[in-house]
Amino acid sequence: MATRIRLRRMGGKKDPFYRVVVADSRYPRDGRFIEEIGYYNPAKNPIVMQINEERALHWLKVGAQPSETAKSLLNKAGIIAKLSE
């Protein structure tokens with residue numbers, strides 16, 4: 001099973017927020033997922049982002065591949081740097 005760490009769109013029309021989830025790569029963007037590990041709200045000022053570092057590191061260590069946007073968020077949270085330590 002190929003797992004991905006990616007964003008799941010939530011919220012209303014023109015007012016999105018995203019949940020950071022671990023999902024099978026074959027499932028649709030907003031479909032079934034394995035675990036929710038955080039959230040990201042770009043509409044707030046300042047931007048609100050919270051990611052469970054322990055669970056994100058666990059999934060990265062067992063082979064989950066982050067999407068480009070999720071990788072950017074993980075970089076900002078400092079999780080990718082901790083993975084290489």
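A quick note: this is a predicted structure, and the numbers were derived from the prediction, not measured. (Residues numbered from 1 in each chain as written. Predicted model: local features only at pLDDT ≥ 70, side-chain atom pairs only at ≥ 80, totals over all residues. Heavy atoms only, no water.)

**Things to note about helix α2 (residues 68–77)**
- Of the positions making up α2, those classed as buried are A70, L73 and L74. One side of α2 carries all its buried residues, which in axial view fall inside an arc of 100°. Residues of α2 that are exposed and angled more than 90 degrees away from the buried face: E68 and K76.
- Each element contacted by the buried residues of α2 is listed here: β1 (3–12), β3 (35–41), β4 (48–51), α1 (53–61), β5 (65–66) and α3 (79–83).
- G78 lies just past α2 and shows a positive phi near 80°. (Buried < 20%, exposed > 50% of the residue type's maximum accessible area, 1.4 Å probe, protein only. Helix = DSSP H or I, 4+ residues; strand = E, 2+ residues; numbered from the N terminus. Arc of directions from axis to C-beta. Contact = heavy atoms within 4.5 Å.)

**Details of the nonpolar core**
- If you look at the biggest cluster of nonpolar residues, it comprises 16 residues, and the most contacted ones within it are I5, I37, I51 and I79.
- For this core, the secondary-structure elements that each account for two or more residues are β1, β2 (15–24), β3, α1 and α2.
- Broken down by element, this core gets its largest block of residues, four residues, from α1. (Core = buried A, V, L, I, M, F, W, Y, C linked by side-chain atoms within 4.5 Å.)

**Here's the deal with the pattern of salt bridges**
- In the structure shown here, the tally under the stated rule is five salt bridges.
- Salt-bridge contacts for D30 lead to R29; the nearest nitrogen and oxygen are separated by 2.8 Å.
- On the basis of relative accessible area, D30 is assigned to the partly exposed category, the value being 33%.
- Here E53 makes a salt bridge to K82, at a shortest N to O gap of 2.7 Å. Taken together, the residues span a long stretch of sequence, with E53 in helix α1 and K82 in helix α3 at a distance of 29 residues.
- Judged by relative accessible area, E53 falls into the partly exposed class, the value being 31%. (Salt bridge = Lys/Arg side-chain N within 4 Å of Asp/Glu carboxyl O.)

**Some thoughts on the sheet that holds β3**
- An order of β4-β3-β2-β1-β5 is seen for the five strands of this open sheet, with the pairing classed as mixed. Two strands lie at the open edges of the sheet, namely β4 and β5, each paired on one side alone.
- Pairing analysis gives ten bridges linking β1 to β2, with the strands arranged antiparallel. Residue I5 lies in a different strand from β2, and its bridge partner there is V22.
- Packed onto the sheet, α1 meets β1, β2, β3, β4 and β5 and runs at close to 120° relative to β3.
- Contacts from α2 reach β1, β3, β4 and β5 within the one sheet, and its direction differs from that of β4 by about 85°. (Pairing = 2+ DSSP bridges. Axes fitted to C-alpha atoms, helices over the stretch in contact; angles between N-to-C directions.)

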